Amino acid sequence: VTSPAPDMDGVTAALKAAMDKGAPGAMARFSGPDGVRIRTVGVRDRASGAGMDTRARFRIGSVSKTFSSVVLLQLVDEGRLELDAPVNRYLPGLLPDERITVRHLLTHRSGLAEYTDPMFDKTVPGFEAVRNRVFTYRELVGLSLALPRTGEPGAAYSYSNANFVVVGMLIEHATGTPVATQYERRIIKPLKLRHTSYVHPKTSIKGTHVRGYLHPDEEGAPLVDSTEQTVSWAQSAGAIVSDPADLNTFTSALMRGRLLPPKMLDAMTTVTPTDTAQTRFYGLGLRRYDLSCGTQIYGHTGTVQGYYTYAFATRDGSRALSAMANTSNRGAVNTALGGTLEAAFCGKKTA
Ligand SMILES: CC1(C)S[C@@H]2[C@H](NC(=O)CCCC[C@H](NC(=O)C[NH3+])C(=O)[O-])C(=O)N2[C@H]1C(=O)[O-]
C-alpha cells in the first residue's frame, strides 16, 4: 500500500497558524519514501532576526521521555531490570508504596503527583526560580511525594514528570553511570545523532540553535527569552536537546526495530487510551495518535519553556515528522502546531 504524499502546503498552513497564535517561528521536517521535506516560518532569534532553520537545535522537553524509556527497556531486555518489579527493589525506600512497579512509571500509572503543577503555577516567576537551579533526582521525587498521590498504583493514567525522574534513577542505579552516558552509548552514537545531546546542568545550547520565548500569564506582557536554563527540574524527563533531522532518525529507527527487539517494541507500543475521544493513547514512554485517515503514529510531544515539539513516526518507521514552535504557555500555538501531523501523514484532504 503506497502512503499518501505529505501535504506540505497543509504543513506550512499549520506552522503559519502557530505564528498567528503567538510563536515567533516554527518549523517541520518530514522524512518519507519520497525523501525529505522541510518547511520553516518566522524567526529562530527575535533579536538578530535570524530565520527559523531546520538545522538548528532546540530543547525537546518530554520527547526526552521516549529516549529514557528506550534505555530502560534495553536494560529490561538485558535482564538488568524487570518491568513488573517494585521500584523499591532497586531503590529501597525511595517510594512510600511497595506496589509501584517499573511499568507503572512508564505508563504514568504510579500515582506519583506532578510536581511541576505547583512549580510552574505562576509561569514566569516559577521559571525564573528554577532556571539556574540544579536539583538532585531525590529532591524532585521529594517534591512529588510532598503532594497527594493521584491514585492507587496501576489504577489510572495520570501524567507526571516524577515517573521519568525515577526512570532516570533506575537507569543510573542499573548501569552505575549518568543517564547522559547511556543516551550516548545506546542511542546517540549508534544512530549518529550529531545534533542531539544531554548537557544538564549546563544552560547553553551549543551550535546553531533556536531561541525559545515564554509567554507570561499576563496578557500583553512581553515575551521572556527562556533559552538558557538547566532544565534540572526535568532531567531524564525532559532535558535533551536535538534537531528535526535527529528526531526523525530516532523515531524512525525506534519503529524499525533498530533500538529494541520485537517483543520489547511490541510492549512499548501496547497502549491504553488517555482521552475519552479514544484518539490519544500512551504505551511505555510513548504516545500513539490515531489520525483521521486511519494512520496510527507513535512518538512523543514536548513542552519546555520556550519550545513546543512533536516527534512522531508510522509504526513501520517509513514516515516521520518532527515539528517545533519556539514559544510555550500558549495552548493555541501547541494545538496549531499539532496540525502538521494530519497534513504530513494523511496528505491532501480530498474534496
Ligand atoms: C504533558 C506536557 C504538556 S507537560 C510535560 C513536560 N513539561 C512540563 O512539565 C513543563 C510544564 C510547564 C511548562 C510551562 N507552562 C507553565 O508554566 C504554565 N503555568 C510552559 O508552557 O512553558 C513535557 O514536555 N510534557 C508535556 C508533554 O508530554 O507533551
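Criteria and thresholds
Residues numbered from 1 in each chain as written. Predicted model: local features only at pLDDT ≥ 70, side-chain atom pairs only at ≥ 80, totals over all residues. Heavy atoms only, no water. Pairing = 2+ DSSP bridges. Helix = DSSP H or I, 4+ residues; strand = E, 2+ residues; numbered from the N terminus. Core = buried A, V, L, I, M, F, W, Y, C linked by side-chain atoms within 4.5 Å. Buried < 20%, exposed > 50% of the residue type's maximum accessible area, 1.4 Å probe, protein only. Contact = heavy atoms within 4.5 Å. Disulfide = S-S within 2.5 Å. Polar contact = N/O pair within 3.5 Å; in protein donor to acceptor, adjacent residues only side chain to side chain.

Colleague: Any details on the sheet that holds strand 1 (residues 25-32)? Residues and values, ideally.
Modeller: Ordered by their spatial adjacency, 8 strands build an open sheet running 2-1-12-11-10-9-8-7, and the pairing between neighbours is antiparallel. Every interior strand has two partners, whereas the edge strands, strand 2 (35-42) and strand 7 (272-273), have only one. Looking at chain direction, strand 8 (residues 280-282) and strand 9 (residues 287-290) are connected through 3 bridges and run antiparallel. From the neighbouring strand, Tyr282 faces strand 9, where its bridge partner is Arg287.

Colleague: Tell me what's going on with the nonpolar core, and back it up with residues and numbers.
Modeller: Grouped together as the largest cluster of nonpolar side chains are 79 residues, with contacts concentrated most on Phe67, Leu72, Val87, Leu170, Trp233 and Leu254. For this core, the element with the most residues is helix 8 (residues 161-175), which contributes 9 residues. Once residues lying within four places of it in the same chain are set aside, the contact partners of Leu254 are Thr66, Val70, Leu259, Leu260, Leu265, Met268 and Leu286. Among the nonpolar cores identified, the runner-up in size contains 26 residues, and Met8, Val11, Phe30 and Leu337 belong to it.

Colleague: Account for the pairing of strand 2, with residues named and values stated.
Modeller: As judged from the 8 bridges shared by strand 1 and strand 2, these two strands associate in the antiparallel manner. What sits directly across from Arg29, in strand 2, is Ile38. What sits between strand 1 and strand 2 in their antiparallel hairpin is a turn of 2 residues.

Colleague: Talk me through the state of the cysteines; I want residue IDs and the actual numbers.
Modeller: This structure, assessed with the given rule, holds 1 disulfide. At a sulfur-sulfur separation of 2.0 Å, the disulfide partner of Cys293 is Cys346. Taking the torsion about the S-S bond as the criterion, the Cys293 to Cys346 disulfide, at about -70°, is left-handed. Residue Cys293 is found in the loop between strand 9 and strand 10 (296-304), and its partner Cys346 is found in helix 12 (residues 331-346); the two are separated by 53 residues along the sequence.

Colleague: So what's going on with the side chain of Gln229? Which residues, and what values?
Modeller: Along the chain, the position of Gln229 falls in the loop between strand 5 (224-225) and strand 6 (241-242). For Gln229, a relative accessible area of 0% translates into the label buried. A distance of 2.9 Å separates the side chain of Gln229 from the side chain of Trp233, its partner in a polar contact. When sequence neighbours within four positions are dropped, the list of residues in contact with Gln229 reads Arg59, Phe127, Arg131, Lys202, Thr203, Val304 and Gln305.

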